[in-house]
Amino acid sequence: MSEFDVIVVGAGPAGSSAAIKLASEKMNVLLVDRADPPGSKNISGGVLWGNDLEKIVPNWNKMAPVERYITSKGVGFLTKDSSIDVNIKSRKFLQGVTGYSVLRVKFDQFLAKRAESAGAMLVSGVTVENLAFKDGKVIGVVQEGDTITADTVILAEGANPRVAIDSGARRPIADQDVAIGIKEVVKLPEATINERFGLTSKEGFAGEYALGFLEDGVEAGGFLYTNRESISLGVVINMGHLRADDKTYSFDIMDQFTDHPSIASLIENGKLSEYSAHLVVEGGYNSFPKQYGNGYMIVGDAAGLSFSNGLMIQGMNYAIASGILAAETAIEAKKSSDFSEKSLSRYKEKLMESFVAKDAYNFKGIEEVTWGKLAHKIMPSLMEDVLVNMFLTDGTPKKHLTELIRKAMKENNVKSSDLLMEGYKMIRRM
Amino acid sequence: MALELVVITKIVPDGSEVFIDPVNLTLNRSLATNVINPADENALELALQVKARYGGRITVLSMTPPFAIPYLEECVGRGADRAILLSDKAVAGSDTYPTSLAIAAAIKHIGKVDIVFAGEKTSDSSTGHVGPGVAEFLDAELASYVSSVEYDDGYVIATREFEEGTEVVRIPTPAVVTVLTNSNNPRKASLRRKIDAIRQGVIVWDLKEVGLPPDAVGLRNSPTIVKRMIPFPRRDRKGEKITTDNIAKLVDVFEQNKLIKGGE
């Protein structure tokens, strides 16, 4: 008989959600995280959408250490000299549930502690080394030569899933699976943040940026969101490109982003309090690895359940949802005492029925757009030329808009056929 | 005969996250996460080495509120045999004097003890009082600033380290040794031992259990009075960058700041 019903490796949103769900159904769960306190090595670049968390931690937003409720969203197209921002602030955001900005070190610790108080055993500061196998089935985990047994192992290791890969439970990471994320947390007084973004203390802003000022070929997107007393901002850079070009440095791209006039003014006089770099799962339907097998399931980033390509960053909500689905599957497997690959394939079915896979499927190939030339290069420079010419008063008569667009296209060397093609791709993918 | 070893430990705020409140001039620990006092980790490691060599039982003892329990489980996870938490509201506000008294009382309650290991000092108050204080109340021999320990038939041979050199002392048990920060590499807990530690749990004692009246401890019995706190003036960096293609400038700056002597 196994020592635990389930061992969950990794206490991020995916792992802790799985553990909360399992423990609250009286399953005997071990939740292990390599960091102490749990989650203190975890990094995110986005906003937490909490619909699924609500199912396992009712009223979580009243208890969890959240920073701000996102009432204002933006997309910015940055060129060398200009920024063209589309911001939406809507009262309608207040009716539904939108997202919260969270600081992961605090938030992940909260979730892990919730799992513990629900009855899971939480061990932090210990790194699981491998999966334990018997007759081709995963029977637990290996750490310092000891095997700790469980009927089911849920791997929730995040973007760099060493155990899953080293044990052969998932295929190795390919360049197209991941990007590099760099993030800074800049401290500023609450009042200053409110003033700069036009917010009250509980409201927050989250924006994503096309970095049109980058040298041709460099693919990176920027993000920025407000915490209570700090701003998190960073860039996500396509891995394939960085590898191909040894003149591009990730930190240079970050510097260019933070030095951009419209970003610099938002963080002016702030104090840099954190600087981090992390693998980011690009995800997408086409890069899903196998997510289950005999005696194990893979959840969250480790299972490629994330989006972070150029203009979109989503992951924590998928992590939470997949953690819950894996937990449900483990509970059903226990009822039937069947932990085989076939039994655990229910997890994949649940995933495919859920918004997690549906989002991924619907946005299949979105990376063509979010990393694409239209969003990052053509649109920013075209818009800049058109809008600057439209508003710049230089004594000459105003030109008609179509004429401005034609001129801008010519100056930016954009062919109508390219624009149509890229535009078609964008509409099709989105 | 197996040695009875005790490691005393304090859970402290992580030093890098503690700052002086510029208004109240008090230590602001509210943002800090807690850690096992760094020198105590070395004390535990030394005790584990002594146990490995001579055999025995290690009890980790801490006088802290119950939030310390996970940290004590960590100590057992690293190889201690059990952990005792001395927790009592009456000790609130105790300075190093009643703290030493209460810890000594708990050690006496354990019974016959051969060696007590303590960190040389805590990272949050740096007095270095409690180890020697415990030795005093136990009427035990003391070796402070110790980097390594051998045991020889009722005697502790301790190597003490100073800036001027080292000193090897031979003292009879029961003995208290205070262990230098960074004098060894503390091992990590393994998953197996950590699981067992959590299942085993921590023994909780109060003052009554160790036979100490509440009016012997606490703020009233603490002779220390904090009169005032003076923060060091903050030195802001100029943020000037000198790159390698301007070595001459770099040399100038070093010379001006008397970091190097100018040559001909």
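Residues numbered from 1 in each chain as written. Chains lettered and ligands numbered in written order. Predicted model: local features only at pLDDT ≥ 70, side-chain atom pairs only at ≥ 80, totals over all residues. Heavy atoms only, no water.

*Asks:* So what's going on with the pairing of strand β10 (residues 155-161) of chain B? Residues and values would help.
*Replies:* All names here are of chain B. The element β10 is largely enclosed, with a buried count of five among its seven residues. Pairing of β10 with strand β11 (residues 166-172), which is carried by seven bridges, proceeds in the antiparallel orientation. Looking at the pairing, Tyr-155 lines up with Pro-172 of β11. In textbook terms, the turn of a hairpin is the stretch between consecutive antiparallel strands, and for β10 and β11 this stretch comprises four residues, one of which, Gly-165, has a positive phi near 160 degrees. (Buried < 20%, exposed > 50% of the residue type's maximum accessible area, 1.4 Å probe, protein only. Helix = DSSP H or I, 4+ residues; strand = E, 2+ residues; numbered from the N terminus. Pairing = 2+ DSSP bridges.)

*Asks:* Please provide a residue-by-residue account of the nonpolar core, values included.
*Replies:* Ranked by size, the top nonpolar core spans 79 residues in total, and within it Leu-22 and Leu-30 of chain A together with Leu-191 of chain B carry the most contacts. Per-element tally for this core: the top contributor is helix α11 (residues 316-336) of chain A, with twelve residues. Those residues within four positions of Leu-22 of chain A in sequence are excluded, and the remaining contacts are Val-6, Val-8, Met-27, Val-29, Ile-154, Ala-327, Ala-330 and Ile-331 of chain A. One finds Leu-5, Cys-75, Phe-117 and Val-202 of chain B within the second-largest nonpolar core, a separate group that totals 36 residues. (Core = buried A, V, L, I, M, F, W, Y, C linked by side-chain atoms within 4.5 Å. Contact = heavy atoms within 4.5 Å.)

*Asks:* Explain empty space enclosed by the protein to me, using residue names and the numbers behind them.
*Replies:* Residues and elements named next belong to chain A. A full pass over the atoms with the stated rule returns two cavities of 30 Å³ or more. Considered as a void within the structure, the largest cavity measures approximately 70 Å³ in volume. Contributing to the lining of the largest cavity are eleven residues, with Arg-170, Asp-177, Val-281, Asp-301 and Gly-304 lying nearest its centre. When the residues that make up the lining of the largest cavity are grouped by side-chain class, the tally is five nonpolar, three polar and three charged. Mapping the lining of the largest cavity onto the domain boundaries places at least three of its residues in each of domain 1 (4-66 + 102-173 + 287-364) and domain 2 (177-281). Forming the walls of the second largest cavity are Gly-284, Phe-288, Gly-304, Leu-305, Ser-306, Phe-307, Tyr-318, Val-356 and Ala-360. Grouping the amino acids of the lining of the second largest cavity by side-chain chemistry returns six nonpolar, three polar and no charged. (1 Å grid on protein atoms, 1.4 Å probe; cavity = no way out; pocket = protein on both sides within 12 Å on 5 of 7 lines; lining within 4 Å. Points joined across faces, edges and corners; volume = space filled by probe spheres on them. Nonpolar A, V, L, I, M, F, W, Y, C, P; charged D, E, K, R; others polar. Domains from an automatic or database assignment.)

*Asks:* I'd like to hear about the interface of chain A and chain B, residue by residue, with values.
*Replies:* Contacts between the two partners involve 17 residues from chain A, matched on the other side by twelve residues from chain B. Both faces combined, the contact of chain A with chain B buries some 1200 Å², and carbon together with sulfur accounts for 59% of it. Taken together, the connections running from chain A to chain B amount to two salt bridges. When the shortest N-O distance is used, the salt bridge between Arg-199 of chain B and Glu-3 of chain A registers 2.7 Å. Counting across the chain A and chain B interface gives four residue pairs in polar contact (both at pLDDT 80 or more). In terms of residue count, strand β7 (residues 121-124) of chain A provides more of the side of chain A that touches chain B than any other element does, four residues in total. Residues belonging to the side of chain A that touches chain B are distributed by class as follows: eleven nonpolar, three polar and three charged. (Buried area = accessible area lost by both parts, 1.4 Å probe. Salt bridge = Lys/Arg side-chain N within 4 Å of Asp/Glu carboxyl O. Polar contact = N/O pair within 3.5 Å; in protein donor to acceptor, adjacent residues only side chain to side chain.)

*Asks:* Could you give an account of the pattern of salt bridges, naming the residues involved and the relevant values?
*Replies:* Residues and elements named next belong to chain B. Counted under the stated rule, the structure contains 32 salt bridges over all chains. The partner of Arg-78 in a salt bridge is Glu-41, with the nearest N and O atoms 2.8 Å apart. Of this pair, Arg-78 sits in helix α2 (residues 69-78) while Glu-41 sits in helix α1 (residues 38-54); the two residues are 37 residues apart in sequence, bridging distant segments of the chain. Where Arg-53 meets Glu-150, a salt bridge forms, and the shortest distance between an N and an O atom there is 4.0 Å.

*Asks:* I'd like a description of the packing of aromatic side chains, backed by residues and values.
*Replies:* The full count for this structure, using the stated rule, is ten aromatic pairs over all chains. With a centroid separation of 6.3 Å and 40 degrees between ring planes, the pair formed by Phe-107 of chain A and Phe-110 of chain A is classed as tilted. Of the two residues, Phe-107 of chain A and Phe-110 of chain A both sit in helix α5 (residues 104-117), three residues apart, roughly one turn of that helix. Accessibility classification places Phe-107 of chain A together with Phe-110 of chain A in one group, the buried group. Aromatic ring contacts, followed pair by pair, group Trp-60, Tyr-69, Tyr-100, Phe-107 and Phe-110 of chain A into a single cluster. Here the basic side chain of Arg-170 of chain B rests over the ring of Tyr-155 of chain B, its NZ or CZ set 4.3 Å away from the ring centre. (Phe/Tyr/Trp six-rings, centres within 6.5 Å; stacked < 30°, edge-to-face > 60°. Lys NZ or Arg CZ within 6 Å of the ring centre and 35° of its normal.)

Function cannot be inferred from these measures alone, as they are strictly geometric.
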